[in-house]
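Examination of the molecular architecture
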Amino acid sequence: MSSRSTSVIIAKAVSRHHLLKIDGYSQTKVVTHGRGIKSYTFKVGGHSWLLQYYPNGEPLGPDTYIDVFIQLVSVSRDMPVEPDKGIAAKGSLSLLDRAGNPVPSYTSTFNRSFTTTGVLVWYTKRTMLENSGYLKDDCFTLRCDITVTELRAEETEDCNFTDLLWKYDRADVAFEVDGETLTAHRWVLAVRSPILKAAVEAELLDVPEREKKTTSMATVRIDNMEAKVFKALVHYIYTDALPDEMDKGDEATTAMAHGLLEVADRYEMERLKLTCEAMLCKRVSTSTVITTLVLAEQHHCQKLKVACIEFLVSLKNMKVVLENGGFKHLQMSCPSVLMDLIKWSKAA
């Protein structure tokens with residue numbers, strides 16, 4: 001008999017901030033122009049970083065400025081790149097006010113690759129800082145926010161239950177969905193979806209333990225869902241894969257992916273949610289972009305939201321969507337996203 005093992009590679013955006021306090025600001029001005037003072041290293045996404053503070057300006061700049069660099073010290077072993085090729089990161093570096101909040105006029109943002117040579121991300125004239133009111137007791141604080149992609153591999157349980165899919169053998173839970181009844185196995189649900197498991201257990205609260213272990217079949221009603229979407233969900237739960245018909249790439253399968261993303265968010269199935277998000281990023285069209293954008297905003301899918309906005313800022317695509325009345329729907333459903341789109345269009 002053969003055996004197998006399974007694993008999963010997880011890629012996700014991770015964020016962290018680091019505070020750098022300059023205590024004794026006036027004394028740091030004795031440092032020679034072009035010489036930096038390094039912070040302690042800190043980790044984001046498995047990578048090590050540090051800040052370099054130049055109280056009298058970086059080597060190639062004027063000595064009347066304060067400059068701050070971000071330097072990538074080392075790369076996570078799980079990231080298949082070389083440090084000198086750079087690590088993509090985005091974020092901001094801000095001067096904090098006395099309440100510990102970022103000062104907008106002293107905040108810079110970045111979205112670029114970082115290497116071990118360091119990158120200038122923040123600067124200001126010394127006289128501006130000294131007259132700003134944010135220098136208190138000869139101290140001020142900078143906040144650095146960094147977001148990067150973290151990669152890691154994990155061993156997983158072998159959870160392919162294809163042989164049980166749609167079979168009644170030992171099925172012990174029935175779901176009533178959109179006029180149809182579908183059966184499943186509690187122990188399979190327990191592996192894949194704790195929330196579905198909890199829904200089943202809630203139906204069995206008043207059932208004696210002896211009956212739970214023998215003939216009792218819980219019946220769970222699922223509202224606000226199409227039967228075909230729930231079938232696709234159960235297919236994924238049992239096979240760890242989407243149904244084959246979702247490879248077609250037509251509007252019907254896009255609509256199915258919309259439904260599955262909502263369901264994945266509802267039942268906290270993060271891997272299914274990421275799978276649907278990646279699929280929808282590749283299927284943005286003039287006929288689906290507004291619906292997809294609203295969905296991305298409602299279910300906090302930032303990558304999908306960006307893909308939709310980047311599609312819409314094309315004048316050709318925007319014209320078609322305008323003619324179809326799509327922006328009226330967006331204005332009614334998610335006016336905040338419409339404002340994001342306007343800001344993005346101005347920056348393009």
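Residues numbered from 1 in each chain as written. Predicted model: local features only at pLDDT ≥ 70, side-chain atom pairs only at ≥ 80, totals over all residues. Heavy atoms only, no water.

Our next topic: the nonpolar core. Of all hydrophobic cores here, the largest spans 56 residues; its most connected members are Phe175, Phe230, Leu233, Leu260, Leu272 and Leu330. Take this core: its biggest share by element is eight residues, from helix H6 (residues 227-239). Setting aside residues up to four positions removed in sequence, Leu233 forms contacts with Leu196, Leu260, Val263, Tyr267, Met269 and Leu272. Judged by nonpolar contacts, the second largest core, of 31 residues, contains Tyr106, Phe110, Phe114 and Val148. (Core = buried A, V, L, I, M, F, W, Y, C linked by side-chain atoms within 4.5 Å. Buried < 20%, exposed > 50% of the residue type's maximum accessible area, 1.4 Å probe, protein only. Helix = DSSP H or I, 4+ residues; strand = E, 2+ residues; numbered from the N terminus. Contact = heavy atoms within 4.5 Å.)

The sheet contact formed by strand S6 (residues 87-96) and strand S7 (residues 102-114) spans nine bridges and is antiparallel. Bridging across to S7, Ala89 finds its partner in Arg112. Counting the residues between successive antiparallel strands, the hairpin from S6 to S7 contains five residues, one of them, Gly100, with a positive phi of roughly 85°. (Pairing = 2+ DSSP bridges.)

With that settled, the discussion passes to the pattern of salt bridges. When the charged atoms of two side chains with opposite charge come close together, those side chains can pair. Counting across every chain of the model gives seven salt bridges. Glu180 is the salt-bridge partner of Lys231, the closest N and O atoms lying 3.2 Å from each other. Of this pair, Lys231 sits in helix H6 while Glu180 is found in strand S11 (residues 180-184), placing the two residues 51 residues apart along the sequence. For Glu180, a relative accessible area of 33% corresponds to the partly exposed category. The closest approach of N and O atoms between Asp223 and Arg221, which form a salt bridge, is 2.9 Å. On the accessibility criterion, Arg221 (62% relative accessible area) is exposed. (Salt bridge = Lys/Arg side-chain N within 4 Å of Asp/Glu carboxyl O.)

Bringing the sheet that holds strand S10 (residues 173-177) into the picture now. Pairing within the open sheet is mixed, and its three strands lie in the order S11-S10-S12. Lying at the two open borders of the sheet, with one neighbouring strand each, are S11 and strand S12 (218-222). In this sheet, adjacent strand axes meet at a mean angle of 25° when their direction is disregarded. Relative to S12, S10 runs parallel, the two sharing five bridges. (Axes fitted to C-alpha atoms, helices over the stretch in contact; angles between N-to-C directions.)

Right, let's get into the packing of helix H7 (residues 251-266) against helix H9 (residues 289-298). At a minimum axis separation of 11 Å, H7 and H9 run at an interaxial angle of 5°. As the angle between them shows, H7 and H9 are arranged roughly parallel. Listed contacts from H9 to His258, Leu261 and Glu262 of H7 are Thr291, Thr292 and Leu295. By residue class, the composition of the contact of H7 with H9 is two nonpolar, three polar and one charged. (Parallel < 35°, antiparallel > 145°, perpendicular 65-115°, else oblique. Nonpolar A, V, L, I, M, F, W, Y, C, P; charged D, E, K, R; others polar.)

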